[in-house]
2 protein chains.
Amino acid sequence: MSGKRIFIIFVIVLISNLLATAQNQQKDMDRFTIVIHGGAGTILKKNMTPEKELEYKNKLKEALTAGYSILANGGNSIDAVETAIKIMEDSPLFNAGKGAVFTNEGKNEMDASIMEGKTLNAGSVAMVNTIKNPISAARMVMEKSPHVMMVGEGAVKFAKEQNLEIVDSAYFYDEKRWLQWQNIKGSNDLELDHSDDRAENNRKEFDAEFSDDGDRKFGTVGAVAIDKNGDIAAGTSTGGMTNKMYGRAGDSPIIGAGTYANNKTCGVSCTGHGEYFIRKVVAYDISALMEYKNLTLQEAADIVIHKKLKEIGGSGGIIAVDSHGNFSLTFNTEGMYRGSMTKEGKPIVSIYKGND
Amino acid sequence: MSGKRIFIIFVIVLISNLLATAQNQQKDMDRFTIVIHGGAGTILKKNMTPEKELEYKNKLKEALTAGYSILANGGNSIDAVETAIKIMEDSPLFNAGKGAVFTNEGKNEMDASIMEGKTLNAGSVAMVNTIKNPISAARMVMEKSPHVMMVGEGAVKFAKEQNLEIVDSAYFYDEKRWLQWQNIKGSNDLELDHSDDRAENNRKEFDAEFSDDGDRKFGTVGAVAIDKNGDIAAGTSTGGMTNKMYGRAGDSPIIGAGTYANNKTCGVSCTGHGEYFIRKVVAYDISALMEYKNLTLQEAADIVIHKKLKEIGGSGGIIAVDSHGNFSLTFNTEGMYRGSMTKEGKPIVSIYKGND
């Protein structure tokens, strides 16, 4: 080959590389994406009314659209994640914030965590009661304290100092959830009249709620987003499990288990049977598989949720976004309240397996 | 080559493989090992008296030997780890159990966790006060509850139900540590007479303790062991930080951050500035680097402690044992109270950099 030909080929390669880079940068500017979940569990269509379905889907769309608007306007992913989660916390539909369940001592014990992928800064609160939006308290721990995790009264005290909204515990009172608790409480309380019709009805309602559609048990909420700068953030918030043992903490406040974000790989928020998610360090494991084994986000999510977690009997799911704006909504249960919204600007929400 | 020659070569290869397998099995039966730590920090020889040094070394040897005896007699690694940690918890030398420090509200808030590598079962307690041995409570959570993590009053209640030893908070009273707290408390309390000679002396004592030798701050204890069956276990216990913000939890109760064990890879117990260990998911990351990148234990420990942790300003160290019985005692601070005991049956303990 002549020197001239080699030169021409060289120039062509150079130009096409420059074009590809420009295209990637353009693509990167458009990669902003937000995904959310409202819990995974035995959610079956046969147990759902069209009205209830619509109520869930509308609330998911509202949360997605609010987070998306922030991203579309050039806002950062931490704001988008916090905003989307607050909307779900403020709804009684999900087991977080307003809709948090009661422990076997009639208490609300809420957990939340948040992490930003650029700095690996993180914040978390566990076992808090009167904080209206636990996700905002987690963010304050990240931004305004020297700590990552704060627990119980100390965390509430800190939230007050940060002027976060504190509510009376009556705020969390939701008749349906209160009846749930009254029923289980009754089952250990011999003084309660079990022949009482109302108690019996309550029990049936509870049983239906709990065994037919597990959303009450697995109603954690979460959001993950990447903004126009390529910064990833992830957050998770939960009210725990109905009638759980007092003092039990799940994976939601645990960085690495329930929440993780790293600009190099991905952001992840989990929902499911928390004990298994802690033992399998689920959120960080997805990131580690991408970083150390060069797997794609979906390959990593499939291995962790469908193989590693299942091997030890763990059920639940994850939502995640990678550094290119690809996302994954992966679960091994019957359903997961979930949604995504990318640059196309159309909120897509689903509840059951498939796209329904 | 004739068929006969090929057959002879085949037989030779077969026999040498069988011999190698037998040798490995023999080697594996001998691989039982235990390592411990009593905290990492700015521990300098110039600030230590020979008496104090000896006191630390003797207690480390006592803990090592107790754990070793269990392993040598065919016992399991969980028992060895719990036994070694209990001895350090019962000593006022370390910031765990008896020697736990006071928060800025004059309270003890102790955390502990334990994990077994065979089943990936794990247990943890956080923010507990009157439990004499938090590591035993963590083990009870692992073995007797459906949960992995229990926090605060609920965890104490559970420990009582499991007949664990509960002590009056006066048990944790240690004059030196109480003076430490009184001093810092005084610094925020205008009613306290700062011109008081004793207060002034106390402050000096505290300053010396805290800034010259950081062991009071980083006095977490931990143990990792592999038994004759090849089962790995790891545990960690801490009293937190002097004058820490009330409600702060570090990495010690967090599976994946402060403690991790997996028979496939290794067991790890961490000590140091907990916030950084949580953000870097340190204990699990060492395991992930071994599993996903085929690094040796020491290579993985070096990357995490000397590179990844240092990049974000995190100080501390880890002790770890891999599935072949190799161990690592790695830290990026001036010193770490540490020790190891392998099948040779000789306890080796050190405090500063090098082998001193």
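Definitions and limits used
- Residues numbered from 1 in each chain as written.
- Chains lettered and ligands numbered in written order.
- Predicted model: local features only at pLDDT ≥ 70, side-chain atom pairs only at ≥ 80, totals over all residues.
- Heavy atoms only, no water.
- Salt bridge = Lys/Arg side-chain N within 4 Å of Asp/Glu carboxyl O.
- Helix = DSSP H or I, 4+ residues; strand = E, 2+ residues; numbered from the N terminus.
- Buried < 20%, exposed > 50% of the residue type's maximum accessible area, 1.4 Å probe, protein only.
- Phe/Tyr/Trp six-rings, centres within 6.5 Å; stacked < 30°, edge-to-face > 60°.
- Lys NZ or Arg CZ within 6 Å of the ring centre and 35° of its normal.
- Core = buried A, V, L, I, M, F, W, Y, C linked by side-chain atoms within 4.5 Å.
- Contact = heavy atoms within 4.5 Å.
- Axes fitted to C-alpha atoms, helices over the stretch in contact; angles between N-to-C directions.
- Parallel < 35°, antiparallel > 145°, perpendicular 65-115°, else oblique.
- Left-handed = near helix turned anticlockwise from the far one by under 90°.
- Nonpolar A, V, L, I, M, F, W, Y, C, P; charged D, E, K, R; others polar.
- Pairing = 2+ DSSP bridges.
- 1 Å grid on protein atoms, 1.4 Å probe; cavity = no way out; pocket = protein on both sides within 12 Å on 5 of 7 lines; lining within 4 Å.
- Points joined across faces, edges and corners; volume = space filled by probe spheres on them.
- Buried area = accessible area lost by both parts, 1.4 Å probe.
- Least-squares fit on C-alpha atoms with pLDDT ≥ 70 in both.
- pLDDT = per-residue confidence, 0-100.
- Patch = residues over 30% accessible without salt bridge, like charges linked within 9 Å, V, L, I, M, F, W, Y side chains within 5 Å.
- Areas by Shrake-Rupley, 256 points an atom, 1.4 Å probe, with all protein chains shown as cover.

What follows covers the pattern of salt bridges. Residue and element names in this part refer to chain A. Scanning the entire structure with this criterion turns up 20 salt bridges over all chains. The partner of arginine 248 in a salt bridge is glutamate 275, with the nearest N and O atoms 2.8 Å apart. Of this pair, arginine 248 sits in strand S7 (residues 248-249) while glutamate 275 is found in helix H8 (residues 274-279), placing the two residues 27 residues apart along the sequence. Per residue, the accessibility class of arginine 248 equals that of glutamate 275, and both read buried. By sharing partners, the salt bridges in this structure join Asp79, Glu82, Arg139 and Glu143 into a single network.

Moving on: the packing of aromatic side chains. Any two aromatic rings considered together are summarised by their centre-to-centre distance and by the angle between their planes. Within the structure shown, the criterion is met by 13 aromatic pairs over all chains. Ring centres of Tyr56(A) and Tyr337(A) lie 4.2 Å apart, and the angle between their planes is 20 degrees; this geometry places the pair in the stacked category. With Tyr56(A) in helix H2 (residues 50-72) and Tyr337(A) in strand S12 (residues 335-341), the pair connects residues that are 281 residues apart, well separated along the chain. A relative accessible area of 0% places Tyr337(A) in the buried class. In textbook terms, an aromatic cluster arises when at least three aromatic residues are bridged by ring pairs, as seen for Tyr260(A), Tyr284(A), Tyr260(B) and Tyr284(B). Over the ring of Tyr171(A) we find Lys98(A); its NZ or CZ atom is 4.9 Å from the centre of that ring.

This next bit is on the nonpolar core. Among the nonpolar cores identified, the biggest contains 94 residues, and Val282(A), Ile286(A), Ile318(A), Val282(B), Ile286(B) and Ile318(B) are the most heavily contacted of them. Beyond its immediate sequence surroundings of up to four residues, Ile318(A) is in contact with Val268(A), Ser269(A), Cys270(A), Phe277(A), Val282(A), Ile286(A), Ala301(A), Ile305(A), Ser328(A), Leu329(A), Thr330(A) and Met336(A).

Negative phi characterises most residues that are not glycine, and trans characterises most peptide bonds. Its identity as a non-glycine residue notwithstanding, Val281(A) has a phi of 45 degrees, on the positive side. Of note, Val281(A) is situated in the loop between H8 and helix H9 (282-293). If you check the backbone angles, Leu120(B) has positive phi at about 60 degrees while not being a glycine. Tracing the chain through its elements places Leu120(B) in the loop between strand S2 (110-116) and strand S3 (122-128).

This part takes up the packing of H2(A) against helix H3 (residues 77-89) of chain A. Residues and elements named next belong to chain A. One can describe the packing of H2 onto H3 by two numbers: an axis separation of 8 Å at closest approach and a directional angle of 160 degrees. Here H3 runs roughly antiparallel to H2, going by the angle between their axes. With respect to the hand of their crossing, H2 and H3 are arranged in right-handed fashion. On H3, the residues that touch Lys59, Leu60, Glu62, Ala63, Ala66, Gly67, Ile70 and Leu71 of H2 are Ser77, Asp79, Ala80, Thr83, Ala84, Ile87 and Met88. Per-class residue counts for the contact of H2 with H3 are 9 nonpolar, 3 polar and 3 charged.

Residues and elements named next belong to chain B. Summarising burial for strand S13 (residues 348-352): 4 of the 5 residues are buried, a large majority. Of the strand pairs in this sheet, strand S12 (residues 335-341) and S13 are connected by 4 bridges, and their pairing is antiparallel. Note on S13: the bridge partner recorded for glycine 335 is tyrosine 352. Linking two consecutive strands that pair antiparallel, namely S12 and S13, is a turn of 6 residues; a positive phi of about 80 degrees is found at glycine 345 within it.

What follows is about the layout of surface pockets. By volume, the largest pocket amounts to about 730 Å³. Contributing to the lining of the largest pocket are 32 residues, with Glu153(A), Met127(B), Gly152(B), Glu153(B) and Tyr246(B) lying nearest its centre. Here the residues of the lining of the largest pocket are counted per class, giving 15 nonpolar, 11 polar and 6 charged.

So, about the interface of chain A and chain B. Contact residues are listed per partner, giving 39 residues for chain A and 39 residues for chain B. With both chains or domains summed, chain A and chain B bury close to 3,600 Å², and 64% of this area falls on carbon and sulfur atoms. The tally of links between chain A and chain B comes to 0 salt bridges. Listed by contribution, the elements that provide at least two residues to the side of chain A that touches chain B are strand S3 (122-128), strand S4 (149-151), helix H5 (152-161), S7, H8 and H9 of chain A. A per-element tally of the side of chain A that touches chain B places H9(A) first, with 7 residues.

This paragraph deals with the sheet that holds strand S10 (residues 316-322) of chain B. All names here are of chain B. The antiparallel open sheet is built from 4 strands, whose spatial order is S8-S9-S10-S11. Among the strands making up the open sheet, the edge pair consists of strand S8 (259-261) and strand S11 (327-331). Pairwise comparison of adjacent strand axes, ignoring direction, gives a mean angle of 10 degrees for this sheet. Sheet topology places S10 next to S11; 5 bridges connect them, and they run antiparallel. If you follow isoleucine 318 over to S11, its bridge partner there is threonine 330.

With an axial shift of 0.1 Å and an RMSD of 0.3 Å, the rotation relating chain A to chain B amounts to 180 degrees. What the rotation and shift describe, once combined, is the action of a two-fold rotation axis. Relative to the rotation axis, the closest C-alpha in chain A is found at Tyr292(A), a distance of 3.0 Å. Looking at chain A, 100% of its interface residues are interface residues in chain B too, so the copies touch through the same face.

One turn of an α-helix holds 3.6 residues; hence residues three or four places apart share an orientation. Burial in helix H5 (residues 152-161) of chain B covers these residues: Gly152(B), Gly154(B), Ala155(B), Val156(B), Phe158(B) and Ala159(B). The positive-phi residue at the C-terminal boundary of H5(B) is Asn163(B), with phi of around 60 degrees.

Turning next to the sheet that holds strand S2 (residues 110-116) of chain A. Backbone hydrogen bonds are what pair the strands of a sheet, in a parallel or an antiparallel way. Reading across from one edge, S13(A)-S12(A)-S1(A)-S5(A)-S6(A)-S2(A)-S3(A)-S4(A)-S7(B) is the order of the 9 strands in this open sheet, with mixed pairing throughout. A single partner strand is all that each edge strand has here, and the edge strands are strand S13 (348-352) of chain A together with strand S7 (248-249) of chain B. Here 5 bridges tie S2(A) to S3(A), and the two strands are oriented antiparallel to one another. Pairing of Met110(A) across the sheet is with Val128(A), part of S3(A). The strands touched by H3(A) within the sheet are strand S1 (33-41), S2, strand S5 (221-226) and strand S6 (232-238) of chain A, with S5(A) carrying the most contacts at an inclination of about 160 degrees.

Right, let's get into the confidence of the model for chain A. Caution is warranted with low-pLDDT regions, since their predicted coordinates should not be read in detail. Residues and elements named next belong to chain A. With 80% of its residues at a pLDDT of 70 or more, chain A shows a mean pLDDT of 85. Overall, residues 186-216 carries pLDDT values under 50, and its contacts beyond four positions in sequence, including any with other chains, amount to 52 contacts. Both confidence scores are given for the complex: pTM 0.86, ipTM 0.85.

Attention now goes to the environment of Ile131(A). Residues and elements named next belong to chain A. One can find isoleucine 131 in the loop between S3 and helix H4 (134-144). Sequence spacing of isoleucine 131 and alanine 159 is 28 residues, and the spatial spacing of their C-alpha atoms is 7.3 Å. Look past the residues within four positions of isoleucine 131 in its chain and what remains in contact with it is Met110, Ala137, Ala155, Val156, Ala159, Glu165, Ile166 and Phe172.

A few words now on a nonpolar patch on the surface. Judged by side-chain polarity, Phe7(A), Ile8(A) and Ile12(A) come together as a nonpolar surface patch covering roughly 320 Å² of accessible area. Secondary-structure assignment places Ile12(A) in helix H1 (residues 3-29).

Bringing the packing of helix H3 (residues 77-89) of chain B against helix H4 (residues 134-144) of chain B into the picture now. Packed helices, taken two at a time, are described by the angle their axes make and the gap between the axes. Residue and element names in this part refer to chain B. Between H3 and H4, the least distance of the axes is 8 Å, while the angle of their chain directions is 150 degrees. In terms of axis orientation, H3 runs roughly antiparallel to H4. Contacts between H3 and H4 involve Ile78, Asp79, Glu82, Ile85, Lys86 and Glu89 on the former and, on the latter, Pro134, Ile135, Ser136, Arg139, Met142 and Glu143. Partitioning the contact of H3 with H4 into residue classes produces 5 nonpolar, 1 polar and 6 charged.

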